[in-house]
Amino acid sequence: MKRYCLALDLNDDPELISEYEAYHRNVWPEILETIHAAGISQMEIYRLSNRLFMIMETDESFSFEQKAAADLSNPKVQEWEKLMWKYQQAIPGARPGEKWRLMDKIFDMRDALK
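Presented here is an overview of the structure given in this document. Just so it is clear, the structure is predicted and the values come from calculations on it, not from any experiment.

## A closer look at the packing of aromatic side chains
Point 1. Tallied over the full model, the rule gives seven aromatic pairs.
Point 2. Between Tyr23 and Tyr87 the ring centres are 6.0 Å apart and the planes differ by 55°, which places this aromatic pair in the tilted class. Pair noted here: Tyr23 is in helix H1 (residues 14-25) and Tyr87 is in the loop between helix H4 (75-85) and strand S4 (88-89), with a separation of 64 residues, a long-range link.
Point 3. Ring-pair connections join several aromatic residues into one group, and the members of that group are Tyr20, Tyr23, Trp28, Trp80 and Tyr87.
Point 4. Looking at Lys76, its charged tip hangs above the ring of Trp28, at a distance of 4.8 Å from the centre.

Below is the structure:
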């Protein structure tokens, strides 16, 4: 199992944030299927103000490149992504069109205790 942590910002608007959270209480089944099919076994998203933090646990077959390619060819995923962009904004340092940014792990207590 691999674990990845990613960050993204939401537009700093309480009404939009509320709508975004409502969508994530009822994620479309087709989106959940594509996430699982990509080798993602667990995903959690946390929010602090307008900053989001995602934790993904994946199997060894997972690839960001393969997931991106599959998403580009899936009309339902593209519909979801277009809808979500209404609520999201690029995090500082993002390339044009880049949403979730992979975070660098800087501390692991298990390693520190060895």
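On we go from here.
## Quick word on the packing of H1 against H4
Two measures define how a pair of helices packs: the angle their axes make with one another and the distance between the axes.
Point 1. H4 packs onto H1 with a crossing angle of 155° between their chain directions and a minimal axis gap of 11 Å. By the criterion of interaxial angle, the relationship of H1 to H4 is roughly antiparallel. Residues Tyr20, Tyr23 and His24 of H1 lie in contact with H4, whose contacting residues are Trp80, Leu83 and Met84.

## Examining the side chain of Thr34
Point 1. Relative to the assigned elements, Thr34 resides in helix H2 (residues 29-37).
Point 2. Side-chain polar atoms of Thr34 contact the backbone oxygen of Ile31, separated by 2.8 Å.
Point 3. Setting aside residues up to four positions removed in sequence, Thr34 forms contacts with Lys67, Asn74 and Val77.

Rules and cut-offs
- Residues numbered from 1 in each chain as written.
- Predicted model: local features only at pLDDT ≥ 70, side-chain atom pairs only at ≥ 80, totals over all residues.
- Heavy atoms only, no water.
- Phe/Tyr/Trp six-rings, centres within 6.5 Å; stacked < 30°, edge-to-face > 60°.
- Helix = DSSP H or I, 4+ residues; strand = E, 2+ residues; numbered from the N terminus.
- Lys NZ or Arg CZ within 6 Å of the ring centre and 35° of its normal.
- Axes fitted to C-alpha atoms, helices over the stretch in contact; angles between N-to-C directions.
- Parallel < 35°, antiparallel > 145°, perpendicular 65-115°, else oblique.
- Contact = heavy atoms within 4.5 Å.
- Polar contact = N/O pair within 3.5 Å; in protein donor to acceptor, adjacent residues only side chain to side chain.

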